[in-house]
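Chain by chain, the residues run as shown.
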Amino acid sequence: MNANQHNETNVGIDTGKQHLDIYIRPLGEYFQVENNPQGIKEAIKRFKQIQPDRIIIEATGRMEVVFACTAHKAKLPVVVANPTHVRRFAGATGRLAKTDKLDACDIAHFGEALKPQPTPLKDEKVRLISDLLVRRTQLIDMRSMEKNRASILPKFLQAS
């Protein structure tokens, strides 16, 4: 590791439905906040104090969007990372164990090693269209699943 990496502060965030697990590298600090506006506000306040070089959060089924938008508005350097890339990086470093804390640590390490550029915030209308397209795809998939299920049901249950 070179001296430049020691001077950088990278924050890794493992996103969950209920919580954000946060690891600050190289400080070695770990904390958890609720994944809601109040918890996000608390995390943003801490990040403004330490002024990290980048905050890396995995794209996790859109559960990261509120945090990413809030951090962008606070003018923090947010990277929305592809979870497959982070998993492969963790595997390449020999990490096989998987907990929320270790995931947050791996995400911060990923940011330190690869130095991804901040992800630009999409325009609100583009985000809305993207959300609508995601929902449309979900509904089409559910309709297909129901058609497949109905095709193997007894006739008296098909109407349900």
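Per chain, residue numbering runs from 1 following the sequence as it is written. Per-residue local features of the predicted model are confined to residues with pLDDT of at least 70, and side-chain atom pairs are confined, for both listing and counting, to 80 or more; whole-chain, interface and lining totals are unaffected and use all residues. With hydrogens and water excluded, all non-hydrogen atoms of the structure serve as input to the side-chain values.

Participant: Can you break down the sheet that holds strand β1 (residues 10-15) residue by residue, with the values?
Facilitator: If DSSP finds at least two bridges between two strands, the strands pair. Helix and strand definitions follow DSSP, with helices as H or I runs of at least four residues and strands as E runs of at least two, each counted in order from the N terminus. Read across the open sheet, the five strands follow the order β3-β2-β1-β4-β5; overall the sheet is mixed. The outermost strands of the open sheet, each flanked by one partner alone, are β3 (29-34) and β5 (78-81). Each strand axis lies, on average, 20 degrees off the axis of its neighbour in the sheet, ignoring direction. Bridge count for strand β4 (residues 54-58) against β5 is four bridges, and the pairing is parallel. In the strand pairing of β5, Ile55 is matched with Val78. Two residues form a contact once any of their heavy atoms are found within 4.5 Å. Axis lines are fitted to C-alpha atoms, over the contacting stretch for helices. Their N-to-C directions set the angle, which ranges from 0 to 180 degrees. Across the sheet, helix α2 (residues 37-50) touches β1, β2 (19-25), β3 and β4, and the angle it forms with β3 is around 150 degrees. The strands touched by helix α5 (residues 100-114) are β1, β2, β3, β4 and β5; relative to β1, the strand with the most contacts, the crossing angle is about 140 degrees.

Participant: Go over the packing of aromatic side chains with me, naming the residues and quoting the values.
Facilitator: A pair of Phe, Tyr and Trp rings is counted when the ring centres sit within 6.5 Å of each other, with Trp represented by its six-membered ring. The angle between the planes then sorts it: under 30 degrees is stacked, over 60 is edge-to-face, the rest tilted. A full pass over the atoms with the stated rule returns three aromatic pairs. Of the aromatic side chains, those joined through ring pairs into one cluster are Phe31, Phe47 and Phe67. Two conditions define a charge located above a ring, namely a distance within 6 Å from the ring centre to NZ of Lys or CZ of Arg, and an angle within 35 degrees of the ring normal. Directly above the ring of Phe31 sits Arg46, whose terminal nitrogen or CZ lies 3.7 Å from the centroid.

Participant: Quick rundown of unusual backbone geometry? Include the residues and the values.
Facilitator: Note: most peptide bonds trans; most residues except glycine with negative phi. Residue Pro26 follows Arg25 across a cis peptide bond; omega there is 10 degrees. Non-glycine residue Lys75 carries a positive phi angle of around 60 degrees. Position of Lys75 relative to the elements: it lies in the loop between α3 (65-73) and β5. Lys75 gets classed as exposed once you look at its relative accessible area, which sits at 75%. In this structure, Lys115 is a non-glycine residue whose phi angle is positive, near 50 degrees. We classify Lys115 as partly exposed; its relative accessible area is 26%. Partly exposed residues are those whose accessible area sits between 20% and 50% of the maximum for their type, while under 20% is buried and over 50% is exposed, using a 1.4 Å probe and protein chains only.

Participant: Could you give an account of α2, with specific residues and numbers?
Facilitator: Multiplying one less than the number of residues by 1.5 Å gives the expected span of a helix. In a regular helix each residue adds 1.5 Å, so 14 residues correspond to 20 Å; α2 covers 20 Å between its end C-alpha atoms and thus fits that length. Among the residues of α2, those classed as buried are Gly39, Ile40, Ala43, Ile44 and Phe47. Take α2 and look down its axis: the buried residues cluster within an arc of 135 degrees, on one side only. Among the exposed residues of α2, those pointing more than 90 degrees away from its buried face are Gln38, Lys41, Lys45 and Gln49. Buried-residue contacts for α2 involve β1, β2, β3, β4 and α3. In the analysis that follows, any N or O atom pair within 3.5 Å is treated as a polar contact, provided that within protein one partner can donate a hydrogen and the other can accept it, and provided that, for residues neighboring in sequence, both atoms belong to side chains. Capping the start of α2 is the job of one residue whose side-chain oxygen sits 3.1 Å from the backbone nitrogen of Gln38: Asn36. It is the directions from the helix axis to the C-beta atoms whose arc is reported.

Limitation: the analysis is restricted to geometry and does not speak to function.
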